[in-house]
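Each chain is listed here by its residues.
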Amino acid sequence: MDYLKIKSTPSLSGTIKISGAKNASLPLIAMTILAKNNVIIKNLPHVADIRTLLKLLSNLGAVCEFTDDSVNVDTSTLTETKATYDIVKTMRASILVLGPILARFGHCEVSLPGGCAIGQRPIDLHLKALEQMGAKIDINAGYVQATAPDGLKGCNIIFDKITVTGTANIVMAAALAHGTTVITNAAREPEVVQLCEVLNASGVKIEGIGSAILTVHGTSGELINIDEFSVIPDRIEAGTYLCAAAITKTELTLTDAEPKHLGSVLAKLEEMGCTFTLTHDTITLHPTQNLKPVKIVTQEYPAFPTDMQAQFLALATQADGTSIIEERLFENRFMHVSELQRMGANITLNGHTATVSGKCKLSGTDVMATDLRASSALVLAGLVAEGETNVHRIYHLDRGYDSLEKKLQNVGANIERLKEK
Ligand code: UD1
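Every value quoted in this text rests on a predicted model; they were computed, and no experiment measured them.

Here we look at the overall build of the chain
Moving on, step 1. The secondary structure content of the chain amounts to 14 helices and 24 strands.
Moving on, step 2. What you see for the chain is a C-alpha radius of gyration of 21 Å, in line with the 22 Å of a compact globule of 421 residues.
Moving on, step 3. Principal axes of the C-alpha set define a box for the chain whose edges measure 65 × 45 × 40 Å.
Moving on, step 4. Counting all 421 residues of the chain, 57% fall into the buried class.
Moving on, step 5. A total of about 16000 Å² of accessible surface is found on the chain, and carbon and sulfur atoms cover 49% of it.
Moving on, step 6. For the chain, the separation between the mean place of its 38 positive charges and that of its 45 negative charges on side chains is 4 Å.

The structure is reproduced here in structure tokens:
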């Protein structure tokens with residue numbers, strides 16, 4: 001197992017190229033199950049979750065060739081329809097194959113994902129929506145067994161809660177369904193928008209893209225032809241490196257980014273005193289030497305993303321004053337707090353709200369990553385902590401950050417990947 005050793009880094013400088021978005025790539029790879037042709041997807045990030053999903057598709061019989069940062073997926077050879085526990089347990093987003101496999105083959109089995117470090121994360125809304133579309137769903141021996149021998153049928157679905165992968169799953173199911181599916185209270189995340197845009201460009205008419213009401217006109221089971229496309233930039237990776245610039249109080253430029261997807265994150269950094277120069281695909285952060293405290297509530301897009309909460313919590317430790325960060329999406333997404341406290345952060349947790357009293361003098365020590373974004377928060381803290389910080393269990397980080405330590409090394413961070421003894 002690897003860990004990261006980080007030494008206090010007084011300043012960073014240079015540019016960081018942003019990779020393709022992990023959370024966009026996953027549904028887009030699952031979408032290839034709906035295709036009749038070989039699909040080429042470009043600008044994929046080199047992260048473990050992508051490899052896991054490609055392995056899942058290969059296990060089902062698809063042929064996936066991953067070269068450089070693109071993949072060529074041929075699902076014409078896909079015959080198996082069971083996503084087994086050994087893969088699903090390593091990545092909950094494996095549930096994304098349920099909608100497209102069921103829509104194409106009329107049956108699908110997916111292992112229930114089980115517990116998760118940041119909360120319960122049920123999939124009841126995915127299943128309820130598929131049942132409304134005419135699927136018969138049984139839970140048996142830890143597996144979701146779904147059948148729809150006569151195909152799925154379009155209907156009106158109103159999600160009780162906004163769910164990102166739930167919306168993606170149902171959009172993909174609806175793409176091959178008979179008739180029209182109207183999804184109300186749909187997720188509006190840019191990753192869902194790209195999925196809809198690619199499907200729309202492939203002949204599945206979708207109205208309301210980017211809004212909370214999506215209308216998907218199904219192809220009645222006919223597979224679709226998907227042209228080559230590129231994955232959108234990773235807004236969470238970009239947000240994380242902006243926090244790295246802000247916490248070290250240095251200027252950094254991100255390239256291949258999409259500033260339009262980062263509105264709420266840039267707004268919070270501005271509230272803290274940072275300023276920006278933006279082009280259509282670059283973001284330069286101009287730091288402030290006196291970070292101001294901030295109030296944050298995590299919510300669905302376009303509000304502030306839960307996937308940036310941990311990084312801002314680390315950043316708030318270096319602000320002068322009291323910051324308040326409320327987590328509204330996941331009930332247990334504060335595992336990084338106790339690790340940051342061990343580094344000297346002054347944080348009080350009260351239910352879903354963290355109060356950070358800055359400015360805290362952080363000291364390096366051994367800390368443990370507990371989930372993907374918590375890992376990067378510890379890296380950020382390590383950049384400004386006195387001495388040496390060792391971040392263990394970085395397999396969480398490797399799930400979603402493409403070459404994090406190399407990208408940070410290139411801009412002058414004192415960080416290296418080492419093997420646990
Ligand atoms: C996705 C992202 C994840 C991000 C999250 C919220 C991917 C691969 N992952 O996760 O990085 O943190 O959105 O922006 O894109 N819920 C239910 N029942 C369901 C589904 C969800 O109660 O059937 C609840 C969840 O427990 C959570 C909320 O709805 O409280 C939002 O979850 P959801 O949007 O589904 O998260 P994911 O799609 O799993």
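There's plenty left to go through after this.
Regarding the sheet that holds strand S8 (residues 136-140)
Across a sheet, strands are paired by hydrogen bonds formed along the backbone, either parallel or antiparallel in direction.
Moving on, step 1. The mixed open sheet is built from four strands, whose spatial order is S6-S7-S9-S8. Bordering the open sheet on either side are strand S6 (82-83) and S8, each of which pairs with just one other strand.
Moving on, step 2. The pairing of strand S7 (residues 107-111) with strand S9 (residues 143-147) spans five bridges and is classified as antiparallel. When the sheet's bridge partners are listed, glutamate 109 is paired in S9 with glutamine 145.

Some words on helix H7 (residues 190-201)
Moving on, step 1. With twelve residues, H7 should reach 16 Å at 1.5 Å per residue; the first-to-last C-alpha distance of 16 Å fits that figure.
Moving on, step 2. The buried fraction of H7 amounts to nine of the twelve residues, a majority that puts the element mostly inside the structure.
Moving on, step 3. Residues of H7 that are buried include every one of Pro190, Glu191, Val192, Val193, Gln194, Leu195, Cys196, Val198 and Leu199, and no others.
Moving on, step 4. Where H7 is buried, its residues touch helix H1 (22-31), helix H6 (164-175), strand S12 (206-207), strand S13 (213-217), strand S14 (229-230) and helix H8 (235-248).
Moving on, step 5. At the exit of H7 stands glycine 203, carrying a positive phi of roughly 105 degrees.

Notes on the sheet that holds strand S5 (residues 70-74)
Moving on, step 1. Strand order across the open sheet formed by four strands is S4-S5-S3-S14, with mixed pairing between neighbours. A strand with exactly one partner marks an edge of an open sheet, and here the two such strands are strand S4 (63-67) and S14.
Moving on, step 2. For S4 and S5, the ladder comprises five bridges, and the chain directions are antiparallel. By the bridge assignment for S5, phenylalanine 66 is matched with valine 71.

Quick look at the nonpolar core
Nonpolar side chains in soluble globular proteins tend to end up buried together.
Moving on, step 1. Within the largest apolar cluster, 80 residues are counted, with the highest numbers of intra-cluster contacts made by Met31, Leu57, Leu130, Met133, Leu152 and Leu199.
Moving on, step 2. Residue contributions to this core peak at seven residues, all from H6.
Moving on, step 3. Setting aside anything within four residues of it in sequence, one finds leucine 130 in contact with Leu98, Leu102, Ala135, Ile137, Leu152, Ile170 and Ala173.
Moving on, step 4. In terms of nonpolar packing, the next biggest core, distinct from the first, is built from 68 residues, Leu340, Leu378, Val411 and Ile415 among them.

Let's talk about the packing of helix H10 (residues 309-316) against helix H12 (residues 372-384)
Moving on, step 1. It is the contact of H10 with H12, at a shortest axis distance of 7 Å, that shows an interaxial angle of 20 degrees. As summarised for this structure, H10 and H12 are arranged roughly parallel, according to the angle between their axes. H12 is crossed by H10, and the crossing has right-handed handedness. Contact residues: Ala310, Gln311 and Ala314 in H10; Arg373, Ala374, Ser376, Ala377, Leu380 and Ala381 in H12.
Moving on, step 2. Residues belonging to the contact of H10 with H12 are distributed by class as follows: six nonpolar, two polar and one charged.

Each value, and the rule that gives it
- Residues numbered from 1 in each chain as written.
- Predicted model: local features only at pLDDT ≥ 70, side-chain atom pairs only at ≥ 80, totals over all residues.
- Heavy atoms only, no water.
- Helix = DSSP H or I, 4+ residues; strand = E, 2+ residues; numbered from the N terminus.
- Rg over C-alpha atoms; globule rule 2.2 N^0.38 Å.
- Buried < 20%, exposed > 50% of the residue type's maximum accessible area, 1.4 Å probe, protein only.
- Areas by Shrake-Rupley, 256 points an atom, 1.4 Å probe, with all protein chains shown as cover.
- Lys, Arg positive; Asp, Glu negative; His and termini not counted.
- Charge placed at Lys NZ, Arg CZ, Asp CG, Glu CD.
- Pairing = 2+ DSSP bridges.
- Expected span 1.5 Å × (residues − 1).
- Contact = heavy atoms within 4.5 Å.
- Core = buried A, V, L, I, M, F, W, Y, C linked by side-chain atoms within 4.5 Å.
- Axes fitted to C-alpha atoms, helices over the stretch in contact; angles between N-to-C directions.
- Parallel < 35°, antiparallel > 145°, perpendicular 65-115°, else oblique.
- Left-handed = near helix turned anticlockwise from the far one by under 90°.
- Nonpolar A, V, L, I, M, F, W, Y, C, P; charged D, E, K, R; others polar.

Worth remembering: the numbers are spatial, not functional.
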